[in-house]
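# Chains, contacts and geometry: an overview
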Amino acid sequence: MEINHKLTLYVAYYLARFDKIALKNLGYKNWESSFLDISNKLDVKKHSVRNWRDEFDPLFGYRAGWYQRPMSPSRTNVALALENLDEPELRVIVEDILSGKIQSDTENLNHLLSIADENSDKDRTSSFILRGPTGKRAEQLFIEYHRINNVPIAGELIDTRDLGCGYDFEIKSESNQHFIEVKGLASNIGGLLFTNKEWETAKKEGAKYTVCLVSNINDSPEISFINDPFSKLNSRKNIIQTVQVQWSVSNNELQYIND
């Protein structure tokens, strides 16, 4: 049963992240039918499937979800491991889980289970926020704040969130070029997570790189700025497991083609 619980976390993450696209691509007409089918296939309680989706919801903004409580280590590990997969790649994993195919693939099964282990990486504080409790809301608050106040510098605000360049926004003016990474916290306390790309970019750009911190985002949002975070913040490197979807061709298969 514990194995199925861990595997259901991957399905729940997919549902939370891709929302109605996930329903459509898995062939479900509505949420209720999805929870029931997943429950039957993985032998977990229907309300557990819903609850686990709700735990991931605050990361993506489609629903409020369970933003009131910190995310447990197992959920954090799953979210970090899957964050760079696109929808088709993640759907392959989910379909293999729901079909039972993954259970006969020992190597990949063990990899998924180890990531979702509640006891792994216990020293990672659960108050870390992944892309903000509601990342989209934090970013929208910054956009509006900059429009009104022209802070941290005045200039044209350029949206770079989908470019994977290590920051969310660029601010350009005749004399300045500045880079903004937006982070959100559910309350007034908590740590921050930077991807390696973000941290390396912060190191490279120095004083031209600023973190916009939106704290207490679910109650009364407060905005502050940390300029040159690489120099001012003490950080610790975390080496984490990630999930990738690859297709391998055996040497025997290659020999067969060449003969």
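Here, the structure is the one placed above.
Each chain has its residues counted from 1, running along the sequence as written. Only residues with pLDDT of at least 70 get local features here, since the model is predicted, and only at 80 or more are side-chain atom pairs given and counted; chain-wide, interface and lining totals rely on the full set of residues. Only hydrogens and water are removed before side-chain values are computed, so all heavy atoms of the structure are retained for them.

Okay, the overall build of the protein chain next. When helices and strands are counted, the protein chain shows 10 helices and five strands. Any residue under 20% of the maximum accessible area for its type is buried, any over 50% is exposed, and the rest in between are partly exposed; the area is computed with a 1.4 Å probe on protein chains only. The 259 residues of the protein chain split such that 44% are buried. Only the protein chains shown count as cover for residues, with accessible areas throughout obtained via the Shrake-Rupley method and a probe of 1.4 Å. Of the roughly 14400 Å² of accessible surface on the protein chain, a fraction of 48% belongs to carbon and sulfur atoms. A run of H or I in DSSP counts as a helix once it spans at least four residues, and a run of E counts as a strand once it spans at least two, with each numbered from the N terminus.

Let's shift gears to the pattern of salt bridges. Between side chains of opposite charge, a pair can form as their charged atoms come close. Whenever Lys or Arg places a side-chain nitrogen within 4 Å of a carboxyl oxygen from Asp or Glu, that contact is recorded as a salt bridge. Under the defined criterion, the tally for this structure stands at 14 salt bridges. Two residues, Arg91 and Glu87, come together in a salt bridge whose shortest N-O distance is 2.8 Å. With Arg91 and Glu87 both in helix H5 (residues 87–99) and four residues apart, the pair spans about one turn of that helix. Given the relative accessible area of 11%, Glu87 is considered buried. In this structure, the salt-bridge partner of Glu198 is Lys183, at a minimum N-O distance of 2.9 Å. With Glu198 in helix H8 (residues 196–205) and Lys183 in strand S3 (residues 177–184), this pair connects stretches of sequence that are 15 residues apart. Of the residues examined, Glu198 reaches a relative accessible area of 11% and is grouped as buried.

What follows concerns the environment of Asn30. For Asn30, the position within the fold is in the loop between helix H1 (2–26) and helix H2 (31–42). In sequence terms Asn30 and Lys20 are 10 residues apart; their C-alpha atoms lie 8.5 Å from each other. A polar contact is formed between the side chain of Asn30 and the backbone nitrogen of Glu32, at a distance of 3.3 Å. Reaching out from Asn30, the side chain makes a polar contact with the backbone nitrogen of Ser33 at a distance of 2.8 Å. What qualifies as a polar contact is a pair of N or O atoms within 3.5 Å, subject to a donor-acceptor requirement within protein and to the restriction that residues adjacent in sequence count only when both atoms come from side chains.

A word on unusual backbone geometry. In this structure, Pro152 follows Val151 across a cis peptide bond, with omega equal to 15°. Along the chain, Pro152 falls in the loop between helix H7 (135–149) and strand S1 (156–159). In this structure, Asp19 takes a positive phi of about 50° despite not being glycine. Positive phi, normally seen in glycine, also occurs at Asp228, with a value near 55°. Inspection of the secondary structure assignment puts Asp228 in the loop between strand S5 (222–227) and helix H9 (229–232).

So, on to H5. Helix length check: H5 (13 residues) gives 18 Å between terminal C-alpha atoms against 18 Å at 1.5 Å per residue, within 8%. For H5, the complete set of buried residues consists of Glu87, Leu90, Ile93, Val94, Ile97 and Leu98. With its buried residues spanning 130° around the axis, H5 presents them on a single face. Residues are treated as being in contact if the distance between any of their heavy atoms lies within 4.5 Å. Of the surrounding elements, those touching the buried residues of H5 are H1, H2, helix H4 (73–82) and helix H6 (106–115). Its side-chain oxygen at 3.1 Å from the backbone nitrogen of Glu89, Asp86 defines the N-terminal cap of H5. Of the residues one or two after H5, Gly100 is the one with positive phi, at around 90°. For a helix, the expected span equals 1.5 Å multiplied by the number of residues minus one. Relevant arc is that of directions from the helix axis to the C-beta atoms, nothing else.

Now for the environment of Pro70. Structurally, Pro70 can be placed in the loop between helix H3 (46–56) and H4. A relative accessible area of 55% means that Pro70 is categorised as exposed. Remark: the alpha-carbon pair of Pro70 and Gly190, spanning 120 residues in sequence, is separated by 9.6 Å.

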